[in-house]
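Working through the structure, step by step
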Amino acid sequence: MERTGVIIVAGGSGSRAGGARPKQFRFLGGMPVLARTINTFAAALPGAEIVAVLPEQHIGFWKNLSARFDVAEHKIAAGGVERFHSVRNGLAALTSDPGLIAVQDGVRPLGSVAMIRRVAEAAAKHGAAIPVVEPVDSFRETDGEADAAGRAASHIVNRRLLRIVQTPQIFRAEVLRRAYESEYRAEFTDDASVVEAVGQAVCLAEGERENLKLTTLGDFVIAEALIAAREEAENEEGTTDAEHV
């Protein structure tokens, strides 16, 4: 695997998840969400330089909190006004010269090592790769205009043509750096949209349904259940292996 730099963007306030602290610092399975995310990338990409981009006002808090846990080595950069600016700050904080750069949501702690490596391999081959999953719900598109009764015209959308986009989004380093020399535009919703704006095609790699972005309190409930199920499966596998020794 090529040397990879990792930018973990954790600059949000997390207000939709409730609670007094931003969601990236909330505990999940007895560990801060951000710590889980950092450790997963350290395991998936050994030797990677990891930069966590945080709200400037919470950097001191994170340093104190992370010192209480076994968190892989990482650097810290201050976030910007928009996600675009936070990623740009993360790029500036990378001091190594990686061949690939991964950009990850700080509040996606459940992606597997296998998935991260799969996206990295696709990025190394194609220049840019993002994980996606097929939607299972139906979709309707509205025209955005409601009548006096509050009804809006709509039509069904073929979900077989749609994909749900996740992170990590991984790119050839020169591609991502060149893309982020652009000026910010409102239509830049993720890193793939930034690199596409400079003419780089994006490969779609297989994501994972368990790769949740923790946004609401309900997401945390689901994530806790997923972690408990994984730990139970690992314990059962360990017991089975011991019985065969």
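Each residue is numbered by its place in its chain's sequence as written, counting from 1. A pLDDT threshold of at least 70 governs which residues receive local features in this predicted model, and a stricter bar of 80 or more applies before side-chain atom pairs are shown or counted, although totals over entire chains, interfaces and linings include all residues. The side-chain figures draw on all heavy atoms in the structure; neither hydrogens nor water molecules are used.

**So, the pattern of salt bridges**
Salt bridge, as used here, is a side-chain nitrogen of Lys or Arg placed within 4 Å of a carboxyl oxygen of Asp or Glu. Across all of its chains, the model carries seven salt bridges by this definition. Residue Glu 187 pairs with Arg 185 through a salt bridge whose shortest N-O separation is 2.8 Å. The class of Glu 187 is partly exposed, set by a relative accessible area of 48%. Given the relative accessible area of 38%, Arg 185 is considered partly exposed. Sharing partners across several salt bridges, the network here consists of Arg 83, Asp 105, Arg 108 and Asp 191. Per-residue accessibility, obtained with a 1.4 Å probe over protein chains only, is compared with the maximum for each type, and a residue is labelled buried under 20%, exposed over 50%, and partly exposed between these values.

**What about the layout of surface pockets?**
If a probe as big as a water molecule is rolled over the atoms, it shows which places are left empty. Reported here for the second largest pocket is a volume of approximately 310 Å³. A cavity here means a set of points on a 1 Å grid, drawn over the protein atoms and nothing else, where a 1.4 Å probe fits but cannot get out; a pocket is an open set with protein on both sides within 12 Å along at least five of seven lines, and a residue lines either one if it has an atom within 4 Å of a point. Lining the second largest pocket are 14 residues, with Arg 36, Thr 40, Pro 109, Arg 230 and Glu 234 positioned closest to its centre. Segments assigned H or I by DSSP are reported as helices when at least four residues long, segments assigned E as strands when at least two residues long, and all are numbered from the N terminus. Those elements that provide at least two residues to the lining of the second largest pocket are α1 (33-44) and α7 (217-243). Classification used: nonpolar for Ala, Val, Leu, Ile, Met, Phe, Trp, Tyr, Cys and Pro, charged for Asp, Glu, Lys and Arg, polar for all others including Gly. Residues of the lining of the second largest pocket, tallied by class, amount to six nonpolar, four polar and four charged. Grid points are joined across faces, edges and corners, and a volume is the space filled by probe spheres set on the points.

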